Amino acid sequence: MTSKTKKKPKGKAKRSFFGKLWRFIFKWGLIIALLGSLPFAGWVWWLDQKVVARFEGQKWQVPSEVYSAPIYLKSGAPWKKADLEALLQETGYRFGRNSQKVGWAARSRTKVSAHLRSYVDYSGYHPSERRIFSFEDGKLSIHSLNGDPVAQASIEPQRIGFLYGGNTERREILSYEDIPQPLIDILTTVEDRDFYHHWGISPTGIARAAWVNATHGSRRQGGSTLTQQLVKNMFLSSERTYTRKLTEVVMSLLLEYHYSKQAIITAYMNEVYLAQVGSEGLHGFAAASQHFFGRPLKELNIDEFALLVGMVKGPSIYNPERHPKRALARRNTVLTVLKDQSRLTNSDYHVLVKQPIRLADKHKERSVYGDYLDLVSMQLSRDFDQKTLATENLRIYTGVDIRAQQAASQAMRRQVGAISRSRKLKGLQGAMVVTDRTNGQVRAIVGSSDKYYSGFNRALGAVRPIGSLVKPPLYMSALATGKFTWWSPIEDKRIRFDIAGKIWAPENYDRTTHGVVHLYEAMAKSYNLATINLAQQVGFDRVGDTLRQLGVKRPFTMHPAMALGALELSPFEVARLYQPIASRGQSSELGVVLAVMDQKDHLIKRFDRSTSVPFTEALLAVTLDGMTKVPEIGTARAAQHRFPGLTFAAKTGTSNELRDSWFEGITGDYASTVWLGMDDNEPMNITGATGAQKVWIDFTEHTNPRSLPETLPSGAARYNVLNSSFEIAADRCDDKESLAFVLGTQPQSSSSCIWPF
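Residues numbered from 1 in each chain as written. Predicted model: local features only at pLDDT ≥ 70, side-chain atom pairs only at ≥ 80, totals over all residues. Heavy atoms only, no water.

S.K.: Can you help me understand the overall build of the protein in this one?
M.R.: Scanning the protein from N- to C-terminus turns up 24 helices and 33 strands. Taking all contacts inside the protein whose residues are at least 6 apart in sequence as the whole, residues at least 24 apart take part in 67%. With an accessible surface of roughly 36000 Å², the protein has 52% of that area assigned to carbon and sulfur atoms. (Helix = DSSP H or I, 4+ residues; strand = E, 2+ residues; numbered from the N terminus. Contact = heavy atoms within 4.5 Å. Areas by Shrake-Rupley, 256 points an atom, 1.4 Å probe, with all protein chains shown as cover.)

As structure tokens, this is what we get:
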């Protein structure tokens, strides 16, 4: 039998061929896909590492913030109702019908109430408190709500600036708990309605945006989620390519995989760019709140939240400072969205859209505090490197008094302008240093009479002859010997000195001599000849030692002209020279930075200063008391005339050829040093009395001055002394003077002023 081979049907052969081909394609396609996915997987892994590293590490380089001292309001201090209202507004308090909410104040015809904010500084936690302020006979009276008297209340330290060190971003970091819930609701409603339901990207959001844009024929909405916006701000550039968009999507998914919605919304609140302020980029809602409204974020209203959220879409075009009409329209658009999404009632919506945009008054700009920040930076450079100050978000607490700083800056500008016009002086400049009379904290620094921060701080850098400001320390040298008192006679006569073969013959300002005068008269009326005669009797070297012991650290060689003010110092150095006298020995060094803290309220460094002075409290107090004769009978009578009920110490100073105008004024609160002059050292036609004194008067008018304390410390006493003889005068005596003495140097006999028969 022969066998027959069966033939396969053509259809089956074709299926077998295509099956093999499919298996081949699938096999190699799978291999190629797997091989091709390795770079993609590696890329995703690299992005994942980048996201985690950036988010887990320090997210932002934030400059250190500089804060003022708290503002203490004390019962019994001189205050005007209008001044307190202005201060509350300056520090961001809003006035309404009541003061129940923190950060709000209310006023009646005679009283002011305020719910003062809580704060943390280097001295600890200070709770919020609601206080009622009244003003009886020009004095402040503070009470609690139940009517109990309160000795003192405090307004929180104010941020006066930053230490950038090259950093160009301004931020104020928030935790999730710090973010007001209404702000979160408004942001998610307007920018990402599906935020709590998507995984980083929102297909429904993209579809909705596409539909809106297509139906309106233009780009009205974007499809990016808040997560995608955060990724763009933190990780990516602004270029528009498919590669960047793919990277954004993948990183958004990774961010959502690793972190909670709370963490993402917190990062967004701190990262989002909202404005450009000079060279600084304004990032985060907290910084924007302070810049635009001058208040903490938690104190804003719904319409103010809506304005900030509206700026997210276009920080430049919706900036309310530059484009108020556009910003108002955009804010109202946000409010409309909230109404349409049932986040606002119709009645609330109609009230809010009628609200004007009220921006903060920009008084606290660098032009006011720039000179003080110079001093802060100079002190901290000894203990902190520049990078730390520029990036670590340290909180630096200083002694600056915002009221004193504002008053000093404005007084300098006003008076230099007025003097320049009346005296026809072009280019007149000035500087001022204000310290706390008791503890030596620098309360204000003015380094220029210019309206804006000039960069040259004359309070530190203008080293000029101090003129007659050298005289109170010189007279103190005489008192310290125990041989002289303020009553002691001294001859105001001409004298000549042979200095290295050259004759130096000083003169009084009025070019006359005044015979025998008392020390207090010679100092008060700034008699040069009496002063140089006294210095010669005391010894020039002893006068030089006194100047160094009072705090002059700049090297100098003592010679006769030094006794009349040839000594060259900066205004800051003069302020330090006078601090031991002003404080009666309670402080010697000047203080700027009090403490430095980190973001978690941990104290990093506290700055303590030496208060040791090699003079007795009694001697310093007697010297200060003698300086009160300058406004009473001497060259500062104009200041006494302006403040007739104020007891204060003063000294005017004028250098040779009227090149420098100085004034030192000491009240119960402040010791103030004022200098006026030309940068090119050209002569002027003003003295200390007709120039710098006017700046001090203007400053003092705006700081509610208190008198120096009447009581003298142990070891000193005040007596009425006859001018004609060294005797204690009875009350009935006419020709007498009230003078302070170091005990043991006072008159040992007394006179009844009854004519003997």
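We are not done yet, so read on.
S.K.: Where do I start with the nonpolar core in this structure?
M.R.: Proteins that are soluble and globular tend to have nonpolar side chains buried together. L73, L84, L88, F133 and L380 are the most contacted members of the largest nonpolar core, which totals 145 residues. Counting residues per element, this core draws most heavily on helix α14 (residues 402-423), at eight residues. When sequence neighbours within four positions are dropped, the list of residues in contact with L380 reads L163, L389, I396, V593, V596 and F607. Within the second largest apolar cluster, 47 residues are counted, among which are I179, L187, M251 and V312. (Core = buried A, V, L, I, M, F, W, Y, C linked by side-chain atoms within 4.5 Å. Buried < 20%, exposed > 50% of the residue type's maximum accessible area, 1.4 Å probe, protein only.)

S.K.: Can you help me understand the sheet that holds strand β1 (residues 64-67) in this one?
M.R.: As a general point, the strands of a sheet are linked pairwise by backbone hydrogen bonds and lie either parallel or antiparallel. Pairing within the open sheet is mixed, and its five strands lie in the order β12-β1-β16-β25-β26. Across the chains shown, the open sheet's two edge strands, defined by having one partner strand only, are β12 (159-163) and β26 (603-606). Between one strand and the next, the sheet's axes are offset by a mean angle of 20 degrees, whatever the strand orientation. In the sheet, strand β25 (residues 593-597) pairs with β26 via three bridges, with the strands oriented antiparallel. Bridging from a neighbouring strand, A595 pairs with R606 of β26. (Pairing = 2+ DSSP bridges. Axes fitted to C-alpha atoms, helices over the stretch in contact; angles between N-to-C directions.)

S.K.: Please explain the packing of helix α16 (residues 471-480) against helix α21 (residues 617-627) as it appears in this structure.
M.R.: Each pair of packed helices can be summarised by the angle the axes make with each other and by the distance between the axes. Where α16 contacts α21, the two axes come as close as 10 Å, and the packing angle between them is 130 degrees. Between α16 and α21, the angle is such that the two are oblique. Handedness of the α16/α21 crossing: right-handed. Contact with α16, carried on its side by P472, M476, L479 and A480, involves L619, L620, V622, T623 and M627 of α21 and no other residues of that element. Among the residues making up the contact of α16 with α21, the classes are represented as eight nonpolar, one polar and no charged. (Parallel < 35°, antiparallel > 145°, perpendicular 65-115°, else oblique. Left-handed = near helix turned anticlockwise from the far one by under 90°. Nonpolar A, V, L, I, M, F, W, Y, C, P; charged D, E, K, R; others polar.)

S.K.: Help me understand the sheet that holds strand β15 (residues 280-283) in this model?
M.R.: Pairing within the open sheet is mixed, and its three strands lie in the order β13-β15-β14. This sheet does not close on itself; its edge strands, each paired only once, are β13 (169-170) and β14 (273-277).

S.K.: I would appreciate a short explanation of the state of the cysteines in the present structure.
M.R.: Think of a disulfide as a covalent bridge from one cysteine sulfur atom to another cysteine sulfur atom. In total, this model carries one disulfide according to the counting rule given. The disulfide that involves C733 links it to C753, with 1.8 Å between the sulfurs. Between C733 and C753 the sulfur-sulfur dihedral comes to about 110 degrees; the bridge is accordingly right-handed. Pair noted here: C733 is in the loop between β31 (728-729) and β32 (736-742) and C753 is in the segment after β33 (750-751), with a separation of 20 residues, a long-range link. In this structure C733 comes out as buried when scored by relative accessible area, which is 2%. Looking at C753, the relative accessible area reads 37%, which means it is partly exposed. (Disulfide = S-S within 2.5 Å.)

S.K.: Please explain the packing of aromatic side chains as it appears in this structure.
M.R.: Aromatic ring pairs are described here by two measures, namely the spacing of the ring centres and the angle between the planes. Evaluation of the coordinates by the stated rule reveals 13 aromatic pairs. Geometrically, the ring pair formed by F663 and W696 is tilted, given 5.3 Å between the ring centres and 40 degrees between the ring planes. With F663 in strand β28 (residues 660-666) and W696 in helix α24 (residues 692-701), this residue pair connects regions lying 33 residues apart in the sequence. Of the two residues examined, F663 and W696, each falls in the buried class. Each ring, one from Y670 and one from F699, has its centre 5.9 Å from the other, and the planes form 55 degrees; the classification is tilted. You can see Y670 sitting in strand β29 (residues 670-678) and its partner F699 sitting in helix α24, a full 29 residues away along the chain. Each of the two residues, Y670 as well as F699, counts as buried. An aromatic cluster of at least three residues, connected via ring pairs, comprises W487, Y719, F726 and F741. Just above the ring of F95 sits the side chain of R107; from NZ or CZ to the centre is 4.0 Å. A cation over a ring is seen here: K339 above Y349, with NZ or CZ 5.2 Å from the ring centre. (Phe/Tyr/Trp six-rings, centres within 6.5 Å; stacked < 30°, edge-to-face > 60°. Lys NZ or Arg CZ within 6 Å of the ring centre and 35° of its normal.)

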